[in-house]
Structure formats: structure tokens, C-alpha cells
Amino acid sequence: MRKPTLFLLALLLWATGCREPVTSPARQASTGVIAPGDPGQDADTRQPDVPDLLSLPDTAFVRLSDYSREFSYDLRYATKDNFMEEAVYDCPKCYTRVKTARALIAANREFMERGVRIRFFDCYRPNSVQFKMWKIVPNPQYVANPVKGSVHNKGGAVDITLETLEGIPLEMGTDFDFFGKRAYHDNRDLPDTILENRKLLKQTMEKFGFASVRTEWWHYNLKAAYRDPVADFRWPCFGELP
């Protein structure tokens, strides 16, 4: 599919009342993390045949790996390595709304200047998956009530950590989805290295418009996404990009 067609499709869905337009990801397979580039601008950092990120409506959904090859992915809910102990995604893909993608790409460039980059555990999450999570952990401290919906369901939240540019995760004190006080931002009873790593993550994400959640060091909401509608679309699984 050619770039102009993709752009017109996304714009048409948005303009005709569809609240969660999705751009078609490139069908070209690619693996690994590739060198840095200008966020949403440099064609060398974008997959071919996808519309320019700056040309799309803020509320359109995009696959992040189509617009930057500088991230790392460990998308746990597409595996059994999560608190539900089952794969609830058909395949590991990271979608967000356009405005979230722009903020993430900008934040990651600053992280890379410090010798680290973002690794994703989760991105956009269909609302039907939120219902499944709530059934297992019906505690709003850890899982948003699916009736109201999570910012994940709006395409504005991500679960992340930091890793070195060589792919070694920074120590954060707990694994992803650890439900306990050791994962709290206000828990100061941790080694200095862990506190410094969490501080770097939190301060940088806040600088680019994200808000943290007190009980989860890995969770960040784009503040501009709070009023977006909840979505429940499932992404296509073709291609090797996450």
C-alpha cells in the first residue's frame, strides 16, 4: 500500500467519526534496534510506506516501531511471563496514539544521550484484556477498573524500564508487575543505584508530558491522553516488527 493511501485512510477514519483510527503497519520485516534518528521526521528512522507521523491526527493509532527503531521490546502479555500466566495478546505489538508516540520518541532521544533507552513491557491494551486483568486482580491500586477504562486502553499509557544501549536492563528493584510496596515510587528503602535509576526514568518521562503512578515504577500515562476514548481494537499480526 502506498504512503498517500495510508494517510488518506487514517484521515478518513478520523474525520468520519471513528474515534480510534489505525494506520496500517509496514509489511516489511525488520529485526533489532537500529541507530538513532530524528523523531517522527527523518525518513531513515521510519519504515517505508507509512505516513509521516506529523501528518496524522493526534488521536490516530500507530505502531511505534514503524516510526522509530531505537526502542527495545519485552511485551510480556504476548507471553506467559506475566501475572496472569497466560498470553492475552495474539502477537507482540506496541501501538499508541500519535501524540503518545511523539512524546515517547522525544523522551527516548534524551535517554539515549545518557547511554540508555526505553524497553517496553506494554503499550496500548484492548479494553477486553483489561476486563480479564480486573477479574484476576480487582484492586484499583494495581489494575484500573475496566468499566471506566485504563489510560492503556486509550493508547496513552506505557509500561517501561530502561536498558543500556547494549541491551542490559537497569536495576529497578523489582520485576514488571510486582504487586507490592517495593515497587512504589515513594519507597526509599532501596539501594542508591535503584533509586537513581528510577529517578532518571521518572524525571525524564515527566519532562516529556507523562505522569507516574505511585504504586508502579514502570507505569507512565501521557497527561494529554486522559480524556481520549477507551478502545478495544486488536492489531494485525503480520510482520516481525513489534
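Structure report, in brief. The numbering scheme is per chain: residues are counted from 1 as the chain's sequence reads. Predicted model: local features are reported for residues with pLDDT of at least 70 only, side-chain atom pairs are reported and counted for 80 or more only, and whole-chain, interface and lining totals are derived from all residues. Side-chain numbers come from the whole structure's heavy atoms, not from hydrogens or water.

**Considering the nonpolar core**
Most often, soluble globular proteins keep nonpolar side chains buried together rather than apart. Side-chain atoms within 4.5 Å are what join buried Ala, Val, Leu, Ile, Met, Phe, Trp, Tyr and Cys residues into a set we call a nonpolar core. Exposed residues in this analysis have more than 50% of their type's maximum accessible area, buried residues have under 20%, and partly exposed residues fall in between, with area computed by a 1.4 Å probe over protein chains only. Ranked by size, the top nonpolar core spans 58 residues in total, and within it Leu 104, Phe 111, Ile 118, Phe 120, Leu 162, Leu 201 and Met 205 carry the most contacts. Counting only elements with at least two residues in this core, the list comes to β1 (61-63), α2 (98-113), β4 (116-122), α3 (127-136), β5 (157-164), α4 (192-207) and β7 (216-222). Examining the composition of this core, we find that seven residues originate from one element, α2, more than from any other. Any two residues whose heavy atoms approach within 4.5 Å at even a single point are treated as in contact. Not counting residues up to four positions away in its chain, the partners in contact with Leu 162 are Phe 111, Val 116, Arg 117, Ile 118, Pro 169, Leu 170, Met 172, Asn 197, Leu 200 and Leu 201. The secondary structure listing takes helices from DSSP runs of H or I that are at least 4 residues long and strands from runs of E that are at least 2 residues long, numbered from the N terminus.

**Digging into the sheet that holds strand β2 (residues 72-73)**
Pairing in this open sheet of five strands is mixed, and the strands run β2-β4-β5-β7-β6 from one edge to the other. Every interior strand has two partners, whereas the edge strands, β2 and β6 (210-213), have only one. Running at roughly 140 degrees to β4, α2 makes contact with β4, β5, β6 and β7 of the sheet. Each of β4, β5, β6 and β7 touches α4; the most contacted strand, β5, lies at about 130 degrees to it. When DSSP finds two or more bridges between two strands, those strands count as paired. Throughout, an axis means a line fitted to C-alpha atoms (over the contacting stretch in the case of helices), and angles, computed between N-to-C directions, take values from 0 to 180 degrees.

**Section: the packing of α2 against α4**
α4 packs onto α2 with a crossing angle of 135 degrees between their chain directions and a minimal axis gap of 9 Å. By the criterion of interaxial angle, the relationship of α2 to α4 is oblique. In the crossing of α2 with α4, the sense of the turn from one axis to the other is right-handed. Between α2 and α4, the contacting residues are Leu 104, Ala 107, Glu 110 and Phe 111 on the first element and Leu 200, Leu 201, Thr 204, Met 205 and Lys 207 on the second. Split into classes, the residues belonging to the contact of α2 with α4 amount to six nonpolar, one polar and two charged. Under this scheme an angle from 65 to 115 degrees is roughly perpendicular, one under 35 degrees roughly parallel, and one over 145 degrees roughly antiparallel; angles in between are oblique. Handedness of a helix crossing follows the sense of rotation of the near helix relative to the far helix, less than a right angle counterclockwise being left-handed and clockwise being right-handed. Under the scheme applied, nonpolar residues are Ala, Val, Leu, Ile, Met, Phe, Trp, Tyr, Cys and Pro; charged residues are Asp, Glu, Lys and Arg; polar residues are all the others, including Gly.

**Overview of the pattern of salt bridges**
Put simply, a salt bridge is a Lys or Arg side-chain nitrogen that is within 4 Å of an Asp or Glu carboxyl oxygen. Evaluation of the coordinates by the stated rule reveals 15 salt bridges. Between Asp 66 and Arg 63 there is a salt bridge, with the nearest N and O atoms lying 2.9 Å from each other. Residue Asp 66 is classed as buried on the basis of its relative accessible area of 1%. The shortest N-O distance in the salt bridge between Glu 110 and Lys 207 comes to 2.9 Å. In this pair, Glu 110 sits in helix α2 while Lys 207 sits in helix α4, placing the two residues 97 residues apart along the sequence.

By themselves, these are just geometric observations and shouldn't be taken as functional.
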